[in-house]
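Structural description and commentary
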Amino acid sequence: MKKGFTLIELLAVIAILGILVSLAVPNLVKYLDESSKLGMKNQENSVTSAANLYIEDHCKNPLYGYNCPSSYTNPESNQEKYICLSDLQDDKNVDEGIKRESYIGPIEFDDSVCDGVILFTKSDSKNNSAYNNVKTYLACGYDYTGSYEYSTDEEFIFDKYSDCLKNN
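An account of the accompanying structure is given in this report.

Glancing now at unusual backbone geometry. Most peptide bonds adopt trans geometry, and most residues besides glycine take a negative phi value. Positive phi values are uncommon outside glycine, yet Asp110 reaches one of about 50°. Here Asp110 lies in the loop between β2 (108-109) and β3 (112-121). Backbone geometry at Asp111 places phi at a positive 70°, although glycine is not the residue there. Tracing the backbone shows Asp111 in the loop between β2 and β3.

Quick look at the structure:
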């Protein structure tokens, strides 16, 4: 008699492995998706910090030829001001001849380039007229259906800030 496994034993082992894999793969995919979104939340925090530095440099202390972006000084809106992510990546609000590093590098989500808007709104306090409520909205992977692969807030109206959207 030869030693070895029968066909039935091999099929049983393969079936058990198939069941284990079918249970593990959805959890792995869910874990990877959650970690990717957590990474984007960290990117949003970095963008918010970069935007605060940008405003400090350009608007509150405009030394060395720095200028506030027109969207930040727009008199049409007295409740909100905004800057584009592209302003932080390519500082076009610096006078000619001045070398300036970008505040933040490119942001991607699953190989899709992201656009973004950083909103500065007034606080609810009536005594404070500063625009100190800062929120970053990122949109990545615009497709032919008009939706984004990743969006900070699905209900945020990015079209209102069309000058910030370069990838759609």
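There's plenty left to go through after this.
Turning our eyes to something else, we now look at the pattern of salt bridges. Inspection of every chain in the model, using the stated rule, returns three salt bridges. One salt bridge in this structure joins Asp33 and Lys37, with 4.0 Å as the shortest N-O distance. Residue Asp33 and its partner Lys37 are both found in helix α1 (residues 7-60); the two are separated by four residues, about one turn of the helix. Assessed through its relative accessible area of 39%, Asp33 is described here as partly exposed. A salt bridge links Glu80 to Lys160, with the nearest nitrogen and oxygen atoms 3.4 Å apart. Of the two residues, Glu80 sits in strand β1 (residues 80-84) while Lys160 sits in the segment after β5 (148-151), which places them 80 residues apart along the sequence.

Let us now look at the nonpolar core. Judged by nonpolar contacts, the single largest core of 22 residues is most densely connected at Met40, Ile83, Leu88, Ile107 and Phe120. Listing elements by their share of this core, those giving two or more residues are α1, α2 (85-89), β3 and β4 (133-142). It is α1 that contributes the most residues to this core, seven residues altogether. With residues near it in sequence (within four places) discarded, Ile83 still touches Ala51, Tyr54, Ile55, Pro69, Ser71, Tyr72, Leu88, Gly116, Val117, Ile118, Phe120 and Cys164. The next biggest cluster of nonpolar side chains, apart from the first, holds twelve residues, and it includes Tyr82, Ala139, Cys164 and Leu165.

About the criteria used
Along each chain, numbering runs from 1 in the same order as the chain's sequence is written. In keeping with the predicted nature of the model, local features appear solely for residues at pLDDT of at least 70, side-chain atom pairs appear and are counted solely at 80 or more, and the whole-chain, interface and lining totals rest on all residues. The side-chain figures draw on all heavy atoms in the structure; neither hydrogens nor water molecules are used. Helix and strand labels come from DSSP, where a helix needs a run of H or I of at least four residues and a strand needs a run of E of at least two; each type is numbered from the N terminus. Should a side-chain nitrogen of Lys or Arg be within 4 Å of a carboxyl oxygen of Asp or Glu, the pair is scored as a salt bridge. Burial classes: relative accessible area under 20% of the type maximum marks a residue as buried, over 50% as exposed, and values in between as partly exposed (1.4 Å probe, protein chains only). Nonpolar core, defined: a set of buried Ala, Val, Leu, Ile, Met, Phe, Trp, Tyr and Cys residues in which side-chain atoms within 4.5 Å join the residues together. Whether two residues are in contact is decided by their heavy atoms, any of which lying within 4.5 Å being enough.

Take it as geometry only, folks, not as evidence of what the structure does.
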